[in-house]
Structures are given as structure tokens and as C-alpha cells.
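Now for the letters of each chain:
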Amino acid sequence: MTRSSKIDVVGVGLNATDTFIPVAHYPARGSKVEFRSAQVLLGGQVATAMIACQHWGLRTRYVGKVGTDSAAELHRSEFSRLGVEAHLFTAPGCPSQQAFILVDDGGERTVLWKRDDRLTLCPEELQRDWIVNSRALHVDGHDTAAASTAAGWARAAGVPVVADLDELYPGVEELLKSVDYLITSRDIPGRLTKELDLRKSLPVLREQFGSRLTAATLGEQGVLAWDGTRFHYAPAFRVQPIDTTGAGDIFHAGFLYGLLRGWSLPRQLDFACAAAALNCTALGARGGIPSVDSVEGLIATGARHSRAHETPRVT
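Cut-offs applied
Residues numbered from 1 in each chain as written. Predicted model: local features only at pLDDT ≥ 70, side-chain atom pairs only at ≥ 80, totals over all residues. Heavy atoms only, no water. Buried < 20%, exposed > 50% of the residue type's maximum accessible area, 1.4 Å probe, protein only. Helix = DSSP H or I, 4+ residues; strand = E, 2+ residues; numbered from the N terminus. Axes fitted to C-alpha atoms, helices over the stretch in contact; angles between N-to-C directions. Parallel < 35°, antiparallel > 145°, perpendicular 65-115°, else oblique. Left-handed = near helix turned anticlockwise from the far one by under 90°. Contact = heavy atoms within 4.5 Å. Nonpolar A, V, L, I, M, F, W, Y, C, P; charged D, E, K, R; others polar. Pairing = 2+ DSSP bridges.

Asker: Would you mind showing me how to read helix H1 (residues 45–55) here?
Answerer: Because each turn of an α-helix spans 3.6 residues, side chains separated by three or four positions end up pointing in the same direction. Counting buried positions along H1 gives 10 out of 11 residues, so the element sits mostly inside the fold. When we look at burial in H1, the residues that qualify are Gln45, Val46, Ala47, Thr48, Ala49, Met50, Ile51, Ala52, Cys53 and Gln54. Downstream of H1 by a residue or two, Gly57 has a phi angle that is positive, lying close to 100°.

Asker: Explain the packing of H1 against helix H8 (residues 247–261) here, please?
Answerer: In a pair of packed helices, the angle between the axes and the distance between the axes together describe the arrangement. The contact between H1 and H8 brings their axes to 8 Å, and the two run at 45°. Between H1 and H8, the angle is such that the two are oblique. As H1 packs across H8, the resulting crossing turns out to be right-handed. In this structure, H1 contributes Gln45, Thr48, Ala49, Met50, Ala52 and Cys53 to the contact, and H8 contributes Asp249, Ile250, Ala253 and Leu256. Residue composition of the contact of H1 with H8, by class: 7 nonpolar, 2 polar and 1 charged.

Asker: Sorry if this is basic, but what is going on with the sheet that holds strand S2 (residues 16–22) here?
Answerer: Think of a sheet as strands paired side by side through backbone hydrogen bonds, with each pair either parallel or antiparallel. Across the sheet, 4 strands lie side by side as S3-S2-S6-S7; this open sheet has mixed pairing. In this open sheet, the two edge strands, each paired with only one partner strand, are strand S3 (39–43) and strand S7 (109–114). Taking the axes of each pair of neighbouring strands and ignoring which way they run, one obtains an average angle of 25° across the sheet. Pairing analysis gives 6 bridges linking strand S6 (residues 98–103) to S7, with the strands arranged antiparallel. Paired with Val103 across the bridge in S7 is Arg109. Here helix H2 (residues 70–82) sits on the sheet and contacts S2 and S3; the angle it forms with S3, its principal contact strand, is near 60°.

In C-alpha cells:
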């Protein structure tokens, strides 16, 4: 596979090295809490989504930056082992992005993270062929200038752009002008529009930036999406969670998979919700990436947190 070969999906965004620390409960300030283990696993929003898409049979490409440490070699080795075409730039004398993640007995996680400014991916480091020779582009917007450049190339070439936005980075409004499918965390639409009700903010976002779809993931409540005509609500699936890290990353991977399979929006959202739920049944951002058959099996059970016709709490 050459760097300009045609692939299904290309991701431009974050990778991370996560140290998972299981604890019975989140520590109170000034307390001492025994932890059970400390395990180093790989993650990062876009990197994890590309790993999942590759696992499901899509041809993937990843573009990002690492430091000069053992974590960088772990990333290179994992991408190579799984068959992801990875273009990893190196920041000399710099550690790769890292996080320490406390996971309590309920599966909820608290993340402490650090990313050196030297890990910023720059627009001039991108190659247009990597982007336009794909069927979809996935970005997280962290390195906003590079993401905007990639999204602009994709938009001009007719390549759909999916964005996973969990924070408002400087200049993100320019990126959003080239995003077709904007799927954010619950609070982002309100922060962008100053309108807390998702039934109002999602349509405003779609109109403001010209997206095909705007959506917000709602944790255990699932996802709410606006397609310009109507709302689509998909409840989350019931599982026994071990760790919720990476649920959003896998949700976006599931959405990308359904998009490239040409599925209807309701089926895309169901698949994404089920894949995210199953990933929560193991430790790590990528620990529980399921098979396609397993995702379809969970969908078939109908084991939802709420019935599909119920309206979620969206403020």
C-alpha cells in the first residue's frame, strides 16, 4: 500500500498512551486510595477510531504525531500489526501524549492528561493525496489548522468529513465550515450556540455551518441527531460496564462504518451505539472493540436503556 493509494477512511488527529489505574472509588481530596494495578494501553480519539474501522474490514489511514519515546514505538508497532497505513510524524526530544486514567467500580473514568505543544500537527506536514484518496475523512479538531486544511481538501474533492468534537479549540469555527457530519459531546452544541436545549442548538449548528447532520452523544442516554428535517434518537444499549474510556471514539468509528456501508441513519446510529457499549465491557479505549457480528447481535437483543420512542433529557 502506497501513501496515495485509495482507502476507505483517513483519520487526522490524536493518539495517546493511557495508563489505566482501577480503583474502588474516586479518591476524596487529601485521601489515600489503594489501586489494584497499572496497565499501559493505547488510545486517542482518531487513532482508536481508525483501529476499530480496520478491525471491521475497512482500509484505513492515520495521520498524527508522536514523540521520541517508547510510546511512539508502541504506536508504530500497533498500527503495523493491525494493517493501518500510518503516517506518524516525530517531535524531537518530546514525549508522546500520555494520560493517567482512574477507573472506578462503576466503569466511570477520570482522565489526567498531558500533551506537549511540540506534538501539534502542522498543515504543511499533510499531503493532499492522503486525504482525497479516501472515501471519508475523520477529524477531532485538536490540531485545528491541520484538521481544517485536511477538511478543506476533502470538501473540495467531495469526500465526506466526520468530526468528533469534545472541546472547543481556537479556530474550530473555520474547521466546522467543512464538516459534513458533526457529532459532538453533549455540551458542545450549547457552548457554540449559547442555547442549552439540544432540540434548538442542533438545528442552529446545522444551519450555521452547513453540515448534513449535527448530533450529540448523551452517554447512557444514547445519541440525538438532527438531519435538517427531523430528529433521530437512538437509546444506548445495556451492558455491564468495566471502563467507559473510548466509548465516543468507537461510536464515531461505528458511524463511519455505517456511512461507508450506505446504511440508513437510524441503522448507523444503532450500530454506533451498540459498538460503543460493547467497547465499555473491557479495559482501555480499544479493549472491547467488538466484531461486526457481536454488534449486530447486541442490536438484535433490543437491550436498551430506554425505549426508542422515548424523548431523552437533552438540556
